[in-house]
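# A structural walkthrough
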Amino acid sequence: MLMLSSSVAVNVVEALQEFWQMKQARGADLRNGALVIYESVPSSCQPYVCYVTLPGGSCFGSFQNCPTKAEARRSAAKIALMNSVFNEHPSRRISDDFIEKAVADARASFKGDPLEADNPNTGIGAFRFMLESNKGRTMLEFQELMTVFQLLHWNGSLKAMRERQCSRQEVVAHYSNRALDDDMRSQMALDWIAREQEQAGALGKELSLAERELEAARLAGRELRFPKEKKDILMLAHTQLSGSLSS
């Protein structure tokens, strides 16, 4: 019975990879290929935690209490596979109807002027511009781009660009072609090091908040890319700052 259970569990990992390879074979626009990437959180004891990043940038984590690293990997694959399958529903694809509903929801949330939706220099207008630029893709495939802009907003970079008279359309057009890579993370980490030097304790406070947010989202089985990237950037800043102080 144990062997059967193990075999079924291992297949979750295989099934997730096969799912995305099949999507790519059917013509899905996966800019970085169909590879599913796992990341185990270093730990010497249970419960073990694992994250999985899907093509398109969405991230999920093990949501169960996992006694082994292999079980944590399977747990992460399980929630990612469930979301990948759900993502195939027509309601998750970015279409004209989807865009109108998403923009209307955003406008209602911020009580914006209806005319703002067609002005790319407003937040809602930029949101529409991003959606229209990714028409035909699904929300999971759109996640990395969304995360880039969430991070730019969180980090204060969007505000700084507006102060330099950059239009939101120019910013969106520029960052739509930028991958969320180590260079971008390093730049944001430097910003947080500068904040810490201006106001002692700011980095530690933001890191504690990010860790709590990520843990709560992981245990709830939610999509994790934004909170995980925040924590990774802040940890990078913390490590670099500690290294410079000790040298």
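Described in the following lines is the structure provided in the data block. (Residues numbered from 1 in each chain as written. Predicted model: local features only at pLDDT ≥ 70, side-chain atom pairs only at ≥ 80, totals over all residues. Heavy atoms only, no water.)

## Overview of the side chain of S75
Among the secondary structure elements, S75 is positioned in helix α2 (residues 69–86). Look at S75 and you get buried, because its relative accessible area is 0%. Here S75 is in contact with S62, F63, Q64 and C66, once residues within four sequence places are set aside. (Helix = DSSP H or I, 4+ residues; strand = E, 2+ residues; numbered from the N terminus. Buried < 20%, exposed > 50% of the residue type's maximum accessible area, 1.4 Å probe, protein only. Contact = heavy atoms within 4.5 Å.)

## A few points about the pairing of strand β2 (residues 50–53)
Relative to β2, strand β1 (residues 37–40) runs antiparallel, the two sharing four bridges. Its bridge partner lying in β2, I37 is registered against T53. Counting the residues in the hairpin turn of β2 and strand β3 (residues 59–61) gives five residues, including G56, whose phi is positive at 100°. (Pairing = 2+ DSSP bridges.)

## Some words on the nonpolar core
Core analysis: the largest hydrophobic core is formed by 36 residues, its most contacted members being F149, L152 and Y175. Every element with two or more residues in this core is listed here: α3 (96–110), α4 (123–133), α5 (143–154), α6 (157–163), α7 (168–175), α8 (182–198), α9 (202–219) and α10 (225–246). In terms of residues, this core owes the most to one element, α5, which gives six residues. Dropping the residues within four chain positions of it, F149 is found in contact with M130, L158, V171, V172 and Y175. F19, A34, V52 and A76 belong to the second-largest nonpolar core, a separate cluster that totals 22 residues. (Core = buried A, V, L, I, M, F, W, Y, C linked by side-chain atoms within 4.5 Å.)

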